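Below are the chains, spelled out letter by letter.
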Amino acid sequence: KYELALDDYNLALKLRPDDPDTLYNRGFAYDEMGRYELALEDYNLALKLCPDHPGTLINRGIAYAKMGRYELALEDYNLALKLRPDHPNTLYNLACLFSLRGSPDKALDYLQRAIAGNEKHRAMARTDKDFDNIRQDQGFKNLVEVSKSN
């Protein structure tokens, strides 16, 4: 399905090569296909055109994290957080990053804040492989349990 989307994005970029939204979307498609270098190229171009777009910063950070480039991911997440403090998706991605980096206390702090901002992150964390190394931590278990009041 992403191959078809790429065809459309490529056509759209022939018509409007400086459209940051199309670059963002094509970058996302590349990211989903595991073509991280191409995703980064598009995210970088989109950010040159629209440097204050938190979604692009978050997605570029995700691509960096998938490539194991955690410091660059952290830079992008922090920039996104400055633009939109307490944005649940940014907080969630920071939680994932700190879990991957072996910082469980920071991971749990960001995860708690992400869940407070959007309950969907509780369910996402239950199966997200980024939390595998803290999955047995009691703090993690407490955070992802379904509340009795829900």
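Everything that follows concerns the structure shown earlier in this document.
Residues numbered from 1 in each chain as written. Predicted model: local features only at pLDDT ≥ 70, side-chain atom pairs only at ≥ 80, totals over all residues. Heavy atoms only, no water.

## Re helix H5 (residues 70-83)
With 14 residues, H5 should reach 20 Å at 1.5 Å per residue; the first-to-last C-alpha distance of 20 Å fits that figure. Of the residues making up H5, those classed as buried are Ala 73, Leu 74, Asp 76, Tyr 77, Ala 80 and Leu 81. Projected down its long axis, H5 shows its buried positions confined to an angular sector of 165°, all on one face. Contacts from the buried residues of H5 go to helix H4 (54-66), helix H6 (88-100) and helix H7 (104-117). (Helix = DSSP H or I, 4+ residues; strand = E, 2+ residues; numbered from the N terminus. Expected span 1.5 Å × (residues − 1). Buried < 20%, exposed > 50% of the residue type's maximum accessible area, 1.4 Å probe, protein only. Arc of directions from axis to C-beta. Contact = heavy atoms within 4.5 Å.)

## Describing the packing of helix H1 (residues 2-15) against helix H2 (residues 20-32)
Following both chains from N to C, one finds H1 and H2 inclined at 155°, their axes separated by 10 Å at the closest point. If you check the angle between H1 and H2, you find them roughly antiparallel. As for the relative orientation of H1 and H2, their crossing is left-handed in sense. Here Tyr 2, Leu 6, Tyr 9, Asn 10, Ala 12 and Leu 13 of H1 come into contact with H2, specifically with Thr 22, Leu 23, Asn 25, Arg 26, Phe 28, Ala 29, Tyr 30 and Glu 32. Of the residues contributing to the contact of H1 with H2, the split by class is nine nonpolar, three polar and two charged. (Axes fitted to C-alpha atoms, helices over the stretch in contact; angles between N-to-C directions. Parallel < 35°, antiparallel > 145°, perpendicular 65-115°, else oblique. Left-handed = near helix turned anticlockwise from the far one by under 90°. Nonpolar A, V, L, I, M, F, W, Y, C, P; charged D, E, K, R; others polar.)

## Considering the pattern of salt bridges
Applying the stated criterion to the full structure yields eleven salt bridges. Between Arg 113 and Asp 86 there is a salt bridge; the shortest N-O distance is 2.8 Å. One end of the pair, Arg 113, is in helix H7; the other, Asp 86, is in the loop between H5 and H6, and 27 residues separate them in sequence. Owing to a relative accessible area of 30%, Arg 113 belongs among the partly exposed residues under this scheme. Using a relative accessible area of 48% as the deciding quantity, one classes Asp 86 as partly exposed. A salt bridge links Arg 135 to Asp 132, with the nearest nitrogen and oxygen atoms 3.0 Å apart. Among the residues examined, Arg 135 registers a relative accessible area of 18% and is labelled buried. (Salt bridge = Lys/Arg side-chain N within 4 Å of Asp/Glu carboxyl O.)

## What to know about the packing of aromatic side chains
Two measures describe an aromatic ring pair: the distance that separates the ring centres and the angle between the ring planes. Taken as a whole and assessed by the stated rule, the structure comprises four aromatic pairs. An angle of 50° between the planes, with centres 6.3 Å apart, marks the rings of Tyr 24 and Tyr 43 as tilted. With Tyr 24 in helix H2 and Tyr 43 in helix H3 (residues 36-49), this pair connects stretches of sequence that are 19 residues apart. Using a relative accessible area of 21% as the deciding quantity, one classes Tyr 24 as partly exposed. (Phe/Tyr/Trp six-rings, centres within 6.5 Å; stacked < 30°, edge-to-face > 60°.)

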